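Residue-level listing of the chains:
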There are 2 protein chains.
Amino acid sequence: MTTTPSRAEATRARLLEAAVVAFSEKGFHGTTTRDIAGAAGMSPAAVYVHHRSKEELLFLISRQGHQQALDTVRAARARTPDPVGQVAAVGRAFAEFHAHHHTVARILNYELAALSEEHRATIDELRTGIDRELRDLVREGVAAGVFDTPDPALAATALASLGIDIARWYREDGEWTPTQIGDYYADLALRLVGADASGVSGRPGSSSC
Amino acid sequence: MTTTPSRAEATRARLLEAAVVAFSEKGFHGTTTRDIAGAAGMSPAAVYVHHRSKEELLFLISRQGHQQALDTVRAARARTPDPVGQVAAVGRAFAEFHAHHHTVARILNYELAALSEEHRATIDELRTGIDRELRDLVREGVAAGVFDTPDPALAATALASLGIDIARWYREDGEWTPTQIGDYYADLALRLVGADASGVSGRPGSSSC
DNA sequence: CCTCGGTTACTAAGCGCTTGCTTAGCGTGT
DNA sequence: ACACGCTAAGCAAGCGCTTAGTAACCGAGG
């Protein structure tokens, strides 16, 4: 299916990448179509050869980013049936995602209000999917008696919140790498839900016995 | 000093309140001076009778909000010399602040890029002050041997992050009240730094023995 | 008491500029 | 020959902010 990318496809991608950088730095409303075109090395009109509107660029970025985030959470859960192992894996993967993709992640979480009504509905479905994964995970751990938390739904919210806010404070030249943050947040997720960390492998892929 | 507020002062306050609502809903760049004036029930030109520019409105909101946040953290720490009690009090107070003042708090954390260079420097000082309080708190708890965390600086960052992100997800018609969130986050702060919760009073003001 | 000059709090109108987006046309590769 | 990828130029609308002017209120003089 995926053949050699045509010139047009490469230009589309350049415009999208330029939009990601601009939107995450200055916000959707703080970015002009001339900013995007200029950063992609093109004239202002080039944007409209490949995309319907500035808002469509935002939607394409947001949909792909949310799908990736959802996939990341599902993949982390799928690695083990054990809720304790799952919460550590999700804590790590979700944190690493928001650190590594912090530019996109800022757009995902702070530019929702700039989406059109229809596009917003599509994105909301993906966000509900992520939220459901986390709520189910905490609920299962509590049901299995391996989590100890005074409010499972709020714990799931706090777990998501903790990861998402990394996109706000993370700096590429900061104190920590995405991997270090992932290590710390795997442990933090276990503390948050009140799980016993013993027996949980430190890194994905390593054996637990 | 504070006499009966003049008509002009009341109008200034109305404009500021309208700006808070508009900025937090649509962002600084998504808000027009006509939006603000209209919400305050005035003509567009009225904004400039009381304020130099739209950016000055943002700065006034941001400076007052950051000062309040810093005061809140300092007050929570001042209630006890015990690091364990302090981290519970700060976890509670910081969370309650961001839930209760979620509109202002969104502006504080998501509109920093819209400030002028000079104004940004002033705000950064206040933010550094908050960060220092939290880092000092975790460092002291670790030094006293009552906290157990693999990375004290990252723990302080996560503690701040947890509170700040409440401003993003909190809804007035949501599942939890600011007080409920405060209760949960007091406990969560203790878990985050690895402190033993026994002996910490559940609510500020109640006796611990 | 009323009147009057000055101050205060505000608005109607609009200026210069930027915005998102369109149109008409040109150069290039096949 | 002709479709494709792109640009130069520009339009209508909306932006932050300014200017000129007006209605409402003030203490002081008659």
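Just so it is clear, the model here is predicted, and its values are computed rather than measured.

A few words now on the protein's contact with DNA strand D. Close to DNA strand D lie 18 residues; A:H50, B:T32, B:T33, B:Y48 and B:K54 are nearest. If you look at DNA strand D and keep only atoms within 4 Å of the protein, 63% of those are sugar or phosphate atoms. Between DNA strand D and the protein, one listed contact pairs a phosphate oxygen with a side-chain N or O atom of A:T11 at 2.9 Å. Separating a phosphate oxygen of DNA strand D from a side-chain N or O atom of A:H50 is a distance of 2.8 Å. At the level of secondary structure, the elements contributing two or more residues to the surface near DNA strand D comprise α1 (7–26) and α3 (47–50) of chain A together with α2 (33–39) of chain B.

A word on the environment of A:E56. Examined against the element boundaries, A:E56 turns out to sit in helix α4 (residues 54–78). The buried category is assigned to A:E56, whose relative accessible area is 16%.

The subject of this paragraph is the domain arrangement of chain A. Residues and elements named next belong to chain A. Per the domain assignment, the segments of chain A are domain 1 (1–51) and domain 2 (54–192). The C-alpha centroid of domain 2 is placed 27 Å from the C-alpha centroid of domain 1. Contacts between the two partners involve 15 residues from domain 1 and, on the opposite side, 13 residues from domain 2. Both sides of the domain 1 and domain 2 interface together cover about 1300 Å² of buried area, and 77% of this is carbon and sulfur. Taken together, domain 1 and domain 2 are joined by zero salt bridges. Where domain 1 touches domain 2, the interface holds four residue pairs in polar contact (both at pLDDT 80 or more). Elements that contribute at least two residues to the side of domain 1 that touches domain 2 include exactly α1, α2 (33–39) and α3.

A word on the nonpolar core. Core analysis: the largest hydrophobic core is formed by 127 residues, its most contacted members being A:Y185 and B:Y185. Not counting the four nearest positions on each side in its chain, B:Y185 is found in contact with A:A158, B:G91, B:R92, B:A95, B:L162, B:I166 and B:W169.

Once that is clear, we can look at the UniProt feature "domain: HTH tetR-type" (unreviewed entry) in chain A. Using the residue numbers shown here, the UniProt feature "domain: HTH tetR-type" (unreviewed entry) corresponds to residues 9–69 of chain A. With 74% helix and 0% strand, the stretch residues 9–69 of chain A has end C-alpha atoms that lie 24 Å from each other.

By the definition in use, this model includes 24 salt bridges over all chains. A:D35 is the salt-bridge partner of A:K26, the closest N and O atoms lying 2.9 Å from each other. Accessibility expressed as a relative area gives 28% for A:D35, which makes it partly exposed. One salt bridge in this structure joins B:R139 and B:D136, with 2.8 Å as the shortest N-O distance.

Right, let's talk about the side chain of A:T149 for a bit. Residue position: A:T149 is located in the loop between α7 (117–143) and α8 (152–164). The buried category is assigned to A:T149, whose relative accessible area is 12%. For A:T149, the residues in contact, after removing those within four places along its chain, are A:V138, A:V142, A:A155, A:L192, A:V193, B:Y184 and B:R191.

Conventions we followed
Residues numbered from 1 in each chain as written. Chains lettered and ligands numbered in written order. Predicted model: local features only at pLDDT ≥ 70, side-chain atom pairs only at ≥ 80, totals over all residues. Heavy atoms only, no water. Near = heavy atom within 4 Å. Polar contact = N/O pair within 3.5 Å; in protein donor to acceptor, adjacent residues only side chain to side chain. Helix = DSSP H or I, 4+ residues; strand = E, 2+ residues; numbered from the N terminus. Buried < 20%, exposed > 50% of the residue type's maximum accessible area, 1.4 Å probe, protein only. Domains from an automatic or database assignment. Contact = heavy atoms within 4.5 Å. Buried area = accessible area lost by both parts, 1.4 Å probe. Salt bridge = Lys/Arg side-chain N within 4 Å of Asp/Glu carboxyl O. Core = buried A, V, L, I, M, F, W, Y, C linked by side-chain atoms within 4.5 Å. UniProt positions renumbered as here; feature names shortened; annotations may be inferred.

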